Amino acid sequence: MPDRSPLFSRAVGGTAASAVMVLAVTACSPVVSIENADVPQWRATALPSDGQAVLEDAGKILNRDRIIQAAASVPAGEYTLTITCDGGGKAFFAVTLAGKELAEAGAACNGSLEAATITVPKAARMEISASSVDAPLLYAYHLVPAR
């Protein structure tokens, strides 16, 4: 039976010790879950409120159910829908006007901002729904007049 060299034994031993250290440090690191996240605090940095928003929302998607916000009447015109999400995966946003689909948008949930231009042809009730198959995650959006 061949002898293992002392160098090989030290290398294997060092690797095992490093793995144990990484696991120990990881176990001690606080991990904030989406369920316990402070949405207003997250939104303040991820997508601050805009004083001109005609429709906005932020929250947690904890399952695959759609979360819907509505505005009774959004005036005709050009708008910018800015969206973001965090937690991994992707979030989807559907915009309807008077019950008819107007636009869809999506965002990778890595903290980046995505924007879509929305044309509202006539004043009507608008709904924006947020959903994801990658729940749980945090999301935020606002719809503002195009500048």
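As a starting point, this report considers the structure included with it. (Residues numbered from 1 in each chain as written. Predicted model: local features only at pLDDT ≥ 70, side-chain atom pairs only at ≥ 80, totals over all residues. Heavy atoms only, no water.)

## Some remarks on the nonpolar core
The line we're drawing: Take the buried Ala, Val, Leu, Ile, Met, Phe, Trp, Tyr and Cys residues and link them wherever side-chain atoms come within 4.5 Å; each set so joined is a nonpolar core. Summary of the burial criterion: residues with accessible area below 20% of their type's maximum are buried, those above 50% are exposed, and those between are partly exposed, where the area comes from a 1.4 Å probe applied to protein chains only. Strands are runs of DSSP state E lasting at least 2 residues, helices are runs of H or I lasting at least 4, and numbering of each runs from the N terminus. By definition in these notes, contact holds between two residues if any of their heavy atoms fall within 4.5 Å.
Ranked by size, the top nonpolar core spans 26 residues in total, and within it Leu81, Ile118, Met126, Ile128, Tyr139 and Leu143 carry the most contacts. Sorting the residues of this core by element identifies β1 (55–61), β2 (67–74), β3 (77–97), β4 (100–120), β5 (124–131) and β6 (137–145) as the ones contributing at least two each. For Ile128, the contacting residues outside a window of four places in its chain are Leu55, Ile67, Ile68, Gln69, Leu81, Ala94, Val95, Tyr141 and Leu143. The next biggest cluster of nonpolar side chains, apart from the first, holds eight residues, and it includes Val39, Ala46, Leu47 and Ala140.

## What to know about the environment of Phe93
Tracing the chain through its elements places Phe93 in strand β3. For the pair Phe93 and Tyr139, spaced 46 residues apart in sequence, the C-alpha separation works out to 9.9 Å. The contact partners of Phe93, leaving out residues within four places of it in the chain, are Ile83, Thr84, Ala103, Glu104, Ala105, Ser129, Ala130, Tyr139 and Tyr141.

## Focus: the state of the cysteines
Put simply, the test is: Our working definition of a disulfide is a cysteine sulfur pair at a distance within 2.5 Å.
Applying the stated rule across the entire model yields one disulfide. Disulfide pairing places Cys85 opposite Cys109 at an S-S distance of 2.1 Å. The sign of the S-S torsion, about -95°, decides the handedness of the disulfide formed by Cys85 and Cys109: left-handed. Here Cys85 is found in strand β3, whereas its partner Cys109 is found in strand β4, with 24 residues between them in sequence. With respect to class, Cys85 is no different from Cys109; both count as buried.

## Thoughts on the packing of aromatic side chains
Heads up, the rule is: Aromatic pairing here means that ring centres of Phe, Tyr or Trp (its six-membered ring) are within 6.5 Å. Orientation follows from the plane angle: under 30 degrees is stacked, over 60 is edge-to-face, and everything else is tilted.
Counted according to the given criterion, the structure contains three aromatic pairs. Relative to Tyr139, the ring of Phe93 has its centre 6.4 Å away and its plane inclined at 55°; by these criteria the two rings are tilted. Of this pair, Phe93 sits in strand β3 while Tyr139 sits in strand β6, and the two are 46 residues apart along the sequence. Judged by relative accessible area, which is 1%, Phe93 ranks as buried. With centroids separated by 5.8 Å and ring planes inclined at 70°, the aromatic side chains of Phe93 and Tyr141 adopt a geometry described as edge-to-face.

## Some thoughts on unusual backbone geometry
Here the bond from Ala135 into Pro136 is cis, since omega is 5°, no more than 30 degrees from zero. Assignment of secondary structure puts Pro136 in the loop between β5 and β6. Notably, Ala98 is not glycine yet its phi reads approximately 55°, a positive angle. Considering the arrangement of structural elements, one finds Ala98 in the loop between β3 and β4.

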